[in-house]
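# Notes for the structure review
These are the residues of each chain, in order.
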Amino acid sequence: MKLSTKGRYGLRAMVDIAVYSQDSPVPISAIAERQNISVRYLEQLLPKLKKAGIIKSIRGAQGGYMLDKDPKDISAGDILRTLEGDLTPIDCASTCSGTKFCVTKTVWQRINDSVQQAVDSITLQELMEESIEIHTKYDQEERQES
C-alpha cells in the first residue's frame, strides 16, 4: 500500500492545524509555508477535511482553519480515509475468483486488519504532542549552539 501526496500532505497539514490553531485560526498560507506545501494543493485537501467535520474554516481577515473536534478524537485513519478513500491494501475478496477455497486470504485479511488498526490507533493528539516535543528540542539545541 502506498499513500499518495494527498494523504501524506493532508496528515502534515492536520498536525500543523492542531499545533497552531489552539488560540486562533491558522491561515492556509502559514500552513503552506511551514509544511512546504503549495497553497493551491492545500486548497484541494482542506475542503475535504472540512466536509468530513474534522476541521472548520473561519472567514475574514483573521480567518483560517481550526479543528472541529478534539484532537484525541481524530485518528490518522480518519484523516487518511477522508483524503485517500479505502485504505485496504489487498482487496482479495472482490478481485479473486477462487476465494471460496483460498487459504491465503487469511494472510491478506490480517494485513488489512493490521493497517486499519495501526492508522486508527494513532490520534492527532499524539502527533501534535510529538511535533511540539520535536520543535521544543530543536529550539533548545539551536539556543545552545548560539
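Report on the accompanying structure. (Residues numbered from 1 in each chain as written. Predicted model: local features only at pLDDT ≥ 70, side-chain atom pairs only at ≥ 80, totals over all residues. Heavy atoms only, no water.)

### With respect to the pairing of strand β1 (residues 55-58)
Operational definition: By definition, two strands form a pair when at least two bridges between them are found by DSSP. What counts as a helix is a DSSP run of H or I of at least four residues, what counts as a strand is a run of E of at least two, and both are numbered from the N terminus.
Looking at chain direction, β1 and strand β2 (residues 64-67) are connected through 4 bridges and run antiparallel. Opposite Ile 55, over in β2, you have Leu 67 as the bridge partner. Where β1 hands over to β2, the hairpin turn is made up of 5 residues, of which Gly 60 adopts a positive phi near 105°.

### Details of the nonpolar core
This is how the line gets drawn: The set of buried Ala, Val, Leu, Ile, Met, Phe, Trp, Tyr and Cys residues whose side-chain atoms join them within 4.5 Å is what this entry labels a nonpolar core. Partly exposed residues are those whose accessible area sits between 20% and 50% of the maximum for their type, while under 20% is buried and over 50% is exposed, using a 1.4 Å probe and protein chains only. Contact criterion: two residues are considered in contact whenever any of their non-hydrogen atoms come within 4.5 Å of each other.
In this structure, Met 14, Leu 46 and Ile 55 are the most contacted members of the largest nonpolar core, which totals 24 residues. Of all the elements in the fold, those that place two or more residues in this core are α1 (5-20), α2 (28-35), α3 (39-51), β2, α4 (76-84) and α7 (124-145). Here this core gets 6 residues from one element, more than from any other, and that element is α1. In this view, Met 14 contacts Leu 49, Ile 54, Ile 55, Leu 67, Ile 79 and Leu 124; residues no more than four positions away in its chain are not counted.

### Brief notes about the packing of α3 against α4
Keep this limit in mind: Note on geometry: axes are lines fitted to C-alpha atoms, helical ones only across the stretch in contact, with angles between N-to-C directions running from 0 to 180 degrees. Should an angle fall under 35 degrees it is called roughly parallel, over 145 degrees roughly antiparallel, and 65 to 115 degrees roughly perpendicular, with every other angle called oblique. Two helices that cross are described as forming a left-handed crossing if the nearer one is turned anticlockwise from the farther one by less than a right angle, and a right-handed crossing if clockwise. Side-chain classes are defined by residue name, with Ala, Val, Leu, Ile, Met, Phe, Trp, Tyr, Cys and Pro counting as nonpolar, Asp, Glu, Lys and Arg as charged, and the others, Gly among them, as polar.
Following both chains from N to C, one finds α3 and α4 inclined at 120°, their axes separated by 9 Å at the closest point. When the interaxial angle is binned, α3 and α4 end up oblique. In the crossing of α3 with α4, the sense of the turn from one axis to the other is right-handed. For the pair α3 and α4, contact is made by Leu 45, Lys 48 and Leu 49 and by Ile 79, Thr 82 and Leu 83, respectively. Taken together, the residues of the contact of α3 with α4 break down into 4 nonpolar, 1 polar and 1 charged.

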